[in-house]
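The chain contents come next:
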Amino acid sequence: MDKLVSLCKRRGFIFQSSEIYGGTGSVWDYGPLGVELKRNVKERWWNSMVRRDDVVGLDASILMNPRVWEASGHVGGFVDPLVDCRVCKGRFRADKLEDARCPQKPSKQPGQHDACQLTEPRQFNLMFKTFMGPLEESASTVYLRPETAQGIFVNFLNVQQSMRQKVPFGIAQIGKAFRNEITPGNFIFRTREFEQMEMQFFVEPGTDMEWFEKWKAARMQWHLDLGLSTERLKFHQHTAGELAHYARAAFDVTFDFGGTLGFQEIEGVHNRADFDLTQHQTFSGKKLEYFDQPNNKRYVPYVVETSVGADRVTLAILVNAYREEAVEGEDEGRVVLGIAPSLAPIKAAVFPLTKKDGQPEMARRIVDDLRTAMTVDYDEAGSIGKRYRRQDEVGTPFCVTIDPQSAGDDTVTVRERDSLAQERVSTSQLRAYLAARLV
Ligand code: ATP
């Protein structure tokens, strides 16, 4: 993880927020390459979830009527048990003590040093509060949403009626969520500001488990299609103790982040029954029912939810992709980000072999042509070997080199990141050649 964090900073993927002020607690900024990678992840999700007949998109606001969070149970119950140590002033989650380390030496679990004095656990609400309007009084308290899902539930009828949707159908959205986590950390794994990609699928009661199974399988397949390796992915079924009181079933897609983190949740697939819509009916006094006209039936739909973190998936992709390897015939090895070409921040890098004989000009023309179809980088600095290494490290799948032969026969060399294979391709075919391989 340390190597990855350093690469992410050095190569413009991810920076600590407000770094020149010493940073701020577990919030990160995506740099030029990170933002491209995360956008590709979000686009993949949107295309697979919304570009289908039975799901539509939504972009709800972050600030909502505070009653929403009373109805959803977050005001009363979105809490983690917090313990403090009176001696070292450390602060820990009481239910995750086994994962925590006390700042005293030697490193031990909090409570295991003789000197430790842990307080009784107290409940700590994870929602960020702010004020709406000019008065900082309790009447104007609003929350930064801790999940995007509630924006979907409160818009259920707006979407269903305006789009004349018939159950079963889903509503999907991507957006920021905020949680005042007690123990954030592990880079972008657990942060206080993050992005969720959530979909709520509304179904007739009684058909919910069938839909749950379908979405569970579809979501695992999505992660496999990103190129995450099969051995690093597995389901974790929530046990009776872990299951939220309203949930009928819940599975997490977990990914093996390696090291001390091991397998951790990256996505949750939940059967939430009619809990959310019924709660909002009660608190708002508005009926949130669906009328099934052909069958003359009226009911509150059940909900199957898929909820995945864009940042956590981005981290999984980076962890999965990072490798160091020896190169035949060279003393120095190389660092490669073996990201699937479709997700790579830069698709192709274009190099003139030398800075003369019209090679830079020809390279620039190729960059201009490719740029209309994909992200490209132009690099003329340093040896060709160094330029390859720079691109390998950020996961660029193809490097295109213009050499003395190029001007004569209008061909270039295309070098593939993983196999290192090189092929001569005519410039007129280059775009199509690359496009066919960016999957
Ligand atoms: P955890 O047990 O890790 O706190 P959770 O069960 O509270 O997660 P959900 O509420 O199900 O998480 O949120 C769905 C997804 O949102 C998670 O699978 C994860 O990818 C992402 N997510 C949740 N909290 C965070 C966070 N603090 N930082 C980054 N991503 C998060």
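Here the structure is a predicted model, which is why all the values come from computation and not from measurement.

Here is what the cut-offs are and how they apply
Residues numbered from 1 in each chain as written. Predicted model: local features only at pLDDT ≥ 70, side-chain atom pairs only at ≥ 80, totals over all residues. Heavy atoms only, no water. Helix = DSSP H or I, 4+ residues; strand = E, 2+ residues; numbered from the N terminus. Buried < 20%, exposed > 50% of the residue type's maximum accessible area, 1.4 Å probe, protein only. Contact = heavy atoms within 4.5 Å. Areas by Shrake-Rupley, 256 points an atom, 1.4 Å probe, with all protein chains shown as cover. Lys, Arg positive; Asp, Glu negative; His and termini not counted. Charge placed at Lys NZ, Arg CZ, Asp CG, Glu CD. Phe/Tyr/Trp six-rings, centres within 6.5 Å; stacked < 30°, edge-to-face > 60°. Lys NZ or Arg CZ within 6 Å of the ring centre and 35° of its normal. Pairing = 2+ DSSP bridges. Axes fitted to C-alpha atoms, helices over the stretch in contact; angles between N-to-C directions. Parallel < 35°, antiparallel > 145°, perpendicular 65-115°, else oblique. Left-handed = near helix turned anticlockwise from the far one by under 90°. Nonpolar A, V, L, I, M, F, W, Y, C, P; charged D, E, K, R; others polar. Core = buried A, V, L, I, M, F, W, Y, C linked by side-chain atoms within 4.5 Å. Domains from an automatic or database assignment. Buried area = accessible area lost by both parts, 1.4 Å probe. Salt bridge = Lys/Arg side-chain N within 4 Å of Asp/Glu carboxyl O. Polar contact = N/O pair within 3.5 Å; in protein donor to acceptor, adjacent residues only side chain to side chain. Arc of directions from axis to C-beta.

## Here's the deal with the overall build of the protein chain
Phase 1 of the analysis: When its secondary structure is counted, the protein chain shows 13 helices and 23 strands.
Phase 2 of the analysis: Relative to its 439 residues, the protein chain shows a buried fraction of 49%.
Phase 3 of the analysis: In the protein chain, of all internal contacts separated by at least 6 residues, the share reaching a separation of at least 24 is 63%.
Phase 4 of the analysis: Accessible area of the protein chain: about 21400 Å², with a carbon and sulfur share of 49%.
Phase 5 of the analysis: Across the protein chain, the 57 positively charged side chains and the 61 negatively charged ones have centroids separated by 2 Å.

## A word on the packing of aromatic side chains
Phase 1 of the analysis: Inspection of the entire model under this criterion finds 15 aromatic pairs.
Phase 2 of the analysis: The structure contains a cluster of three or more aromatic residues connected by ring pairs, namely F153, F156, F169 and F202.
Phase 3 of the analysis: Over the aromatic face of F235 sits the side chain of K216, whose NZ or CZ is 4.9 Å from the ring centroid.
Phase 4 of the analysis: Lying across the ring of F251, K216 places its NZ or CZ 3.9 Å from the centre.

## Remarks on the sheet that holds strand 6 (residues 122-125)
Phase 1 of the analysis: The strand order across the open sheet built from three strands is 5-4-6, with neighbouring strands paired in antiparallel fashion. Two strands lie at the open edges of the sheet, namely strand 5 (91-93) and strand 6, each paired on one side alone. The sheet shows a mean angle of 45° between the axes of neighbouring strands, direction not considered.
Phase 2 of the analysis: Where strand 4 (residues 79-84) meets strand 6, four bridges bridge the pair, whose relative direction is antiparallel. Paired with V79 across the bridge in strand 6 is N125.

## Details of the packing of helix 2 (residues 32-50) against helix 9 (residues 310-321)
Phase 1 of the analysis: Helix 9 packs onto helix 2 with a crossing angle of 115° between their chain directions and a minimal axis gap of 10 Å. Here helix 2 is positioned roughly perpendicular relative to helix 9, judged by the angle of their axes. In the packing of helix 2 onto helix 9, the handedness of the crossing is right-handed. In contact with L37, K38, V41 and K42 of helix 2, helix 9 contributes A310, D311, V313, T314, I317 and L318.
Phase 2 of the analysis: Residue composition of the contact of helix 2 with helix 9, by class: six nonpolar, one polar and three charged.

## Quick word on the pairing of strand 22 (residues 411-416)
Phase 1 of the analysis: In terms of burial, strand 22 is a largely internal element, five of the six residues being buried.
Phase 2 of the analysis: In the sheet, strand 21 (residues 398-402) pairs with strand 22 via four bridges, with the strands oriented antiparallel. Considered in strand 22, the bridge of C399 is made with R415.
Phase 3 of the analysis: Examined bridge by bridge, strand 22 and strand 23 (residues 422-426) share five bridges and lie antiparallel to one another.

## Description of the nonpolar core
Most often, soluble globular proteins keep nonpolar side chains buried together rather than apart.
Phase 1 of the analysis: Judged by nonpolar contacts, the single largest core of 56 residues is most densely connected at F13, W45, F257 and I317.
Phase 2 of the analysis: The dominant element in this core, judged by the number of residues it contributes, is helix 9, at eight residues.
Phase 3 of the analysis: Both domain 1 (2-66 + 133-318) and domain 3 (337-437) contribute no fewer than three residues apiece to this core.
Phase 4 of the analysis: Those residues in contact with F257 that lie beyond four places of it in its chain are F189, R232, G262, Q264, I266, R312, L315, A316 and V319.
Phase 5 of the analysis: Counting 20 residues, the second largest nonpolar core, distinct from the first, contains A348, V350, V367 and V425.

## Digging into unusual backbone geometry
Trans peptide bonds make up the majority, and among non-glycine residues the majority have a negative phi.
Phase 1 of the analysis: Cis geometry is adopted by the peptide bond preceding P106, which originates at K105 and carries an omega value of -10°.
Phase 2 of the analysis: For P106, the position within the fold is in the loop between strand 5 and strand 6.
Phase 3 of the analysis: Residue P168 is bonded to the preceding V167 through a cis peptide linkage, with omega at 5°.
Phase 4 of the analysis: Mapped onto the elements, P168 comes out in the loop between helix 6 (156-162) and strand 9 (169-178).
Phase 5 of the analysis: Phi at S18 is positive, roughly 50°, even though this residue is not glycine.
Phase 6 of the analysis: According to the relative accessible area criterion, S18 is partly exposed, its value standing at 35%.
Phase 7 of the analysis: Positive phi, close to 55°, is recorded for D357, a residue that is not glycine.

## A look at the domain arrangement of the protein chain
Phase 1 of the analysis: Per the domain assignment, the segments making up the protein chain are domain 1 (2-66 + 133-318), domain 2 (79-125) and domain 3 (337-437).
Phase 2 of the analysis: The straight-line distance from the C-alpha centre of domain 1 to that of domain 3 is 37 Å.
Phase 3 of the analysis: Each partner contributes to the interface: domain 1 provides 13 residues, whereas domain 3 provides 13 residues.
Phase 4 of the analysis: Carbon and sulfur atoms supply 67% of the area that domain 1 and domain 3 bury against each other, a total of about 1100 Å² over both sides.
Phase 5 of the analysis: Broken down residue by residue, the surface that domain 1 buries against domain 3 is led by R11, L33 and N40, which jointly contribute 35%.
Phase 6 of the analysis: Across the contact surface, domain 1 and domain 3 share two salt bridges.
Phase 7 of the analysis: Between R10 and E393 there is a salt bridge, with the nearest N and O atoms lying 3.0 Å from each other.
Phase 8 of the analysis: Where domain 1 touches domain 3, the interface holds six residue pairs in polar contact (both at pLDDT 80 or more).
Phase 9 of the analysis: Those elements that provide at least two residues to the side of domain 1 that touches domain 3 are helix 1 (2-10), helix 2 and helix 9.
Phase 10 of the analysis: With six residues, helix 2 is the single largest residue contributor to the side of domain 1 that touches domain 3.

## A short note on helix 13 (residues 427-437)
Within an α-helix, residues lying three or four positions from one another point in the same direction, as the helix has 3.6 residues per turn.
Phase 1 of the analysis: Turning to helix 13, its buried residues are L430, Y433 and L434. All buried residues of helix 13 lie within an arc of 90° about the axis, which places them on one face of the element. Across helix 13 from its buried face, at more than 90 degrees, point the exposed residues S428 and A436.
Phase 2 of the analysis: Elements in contact with the buried residues of helix 13: strand 19 (348-352), helix 10 (359-371), strand 21, strand 22 and strand 23.

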